[in-house]
Amino acid sequence: MSEIEMPNKGVIISFTKISVAPDGFKHSVPYIIGLVKLDNNVVVSSHIVGEESKVKIGAPVKSVFRSFYKNGETGVINYTTKFDVV
């Protein structure tokens, strides 16, 4: 295995708005999950954030570092990469 730096830009190729979430994500509804085709043609699944009216197939996105969830017992905030519509 080797480490490869992935591009931080891409386009939305598919998405869905989640209104009824599974346990652990109910605090986040509604939210958008999508497939993003990165500039190197790799496709990743991710949360899509930003202005909802701009979320559409072909919309350009860039990666951002955002909070994912807070552990209720310890109060530790976990972060992840999401994609923001530009």
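Q: Give a description of a nonpolar patch on the surface that names residues and reports values.
A: A cluster of nonpolar side chains, contributed by Val-11, Ile-13, Leu-35 and Val-43, occupies part of the molecular surface with about 270 Å² of accessible area. Relative to the assigned elements, Ile-13 resides in strand S1 (residues 9-18). The class for Ile-13 is partly exposed, based on a relative accessible area of 36%.

Q: So what's going on with the pattern of salt bridges? Residues and values would help.
A: Across all of its chains, the model carries two salt bridges by this definition. Here Glu-52 and Lys-17 are joined by a salt bridge, their closest N and O atoms 2.9 Å apart. Of the two residues, Glu-52 sits in the loop between strand S3 (43-49) and strand S4 (60-70) while Lys-17 sits in strand S1, which places them 35 residues apart along the sequence. Taking relative accessible area as the criterion, Lys-17 reaches 40% and is therefore assigned partly exposed. Here Asp-84 ties to Arg-66 by a salt bridge, and the two come within 3.6 Å at their closest N and O atoms. Of this pair, Asp-84 sits in strand S5 (residues 77-85) while Arg-66 sits in strand S4, and the two are 18 residues apart along the sequence.

Q: Help me get a handle on the environment of Ile-77, residues and values and all.
A: Secondary-structure assignment places Ile-77 in strand S5. Looking at Ile-77, the relative accessible area reads 42%, which means it is partly exposed. With 59 residues separating them in the primary sequence, Ile-77 and Ile-18 have C-alpha atoms 22 Å apart.

Q: Got a sec to walk through the nonpolar core? Specific residues and values, please.
A: Formed by Ile-12, Ile-32, Val-36, Leu-38, Ile-48, Val-55, Ala-59, Val-61, Phe-83 and Val-85, the largest nonpolar core amounts to ten residues. Elements with a minimum of two residues in this core: strand S2 (31-38) and S5. Here this core takes three residues from S2, the largest share from any one element. Apart from residues lying up to four places away in sequence, Ala-59 is in contact with Gly-10, Val-11, Ile-12, Lys-54 and Val-85.

Conventions we followed
- Residues numbered from 1 in each chain as written.
- Predicted model: local features only at pLDDT ≥ 70, side-chain atom pairs only at ≥ 80, totals over all residues.
- Heavy atoms only, no water.
- Patch = residues over 30% accessible without salt bridge, like charges linked within 9 Å, V, L, I, M, F, W, Y side chains within 5 Å.
- Areas by Shrake-Rupley, 256 points an atom, 1.4 Å probe, with all protein chains shown as cover.
- Salt bridge = Lys/Arg side-chain N within 4 Å of Asp/Glu carboxyl O.
- Helix = DSSP H or I, 4+ residues; strand = E, 2+ residues; numbered from the N terminus.
- Buried < 20%, exposed > 50% of the residue type's maximum accessible area, 1.4 Å probe, protein only.
- Core = buried A, V, L, I, M, F, W, Y, C linked by side-chain atoms within 4.5 Å.
- Contact = heavy atoms within 4.5 Å.

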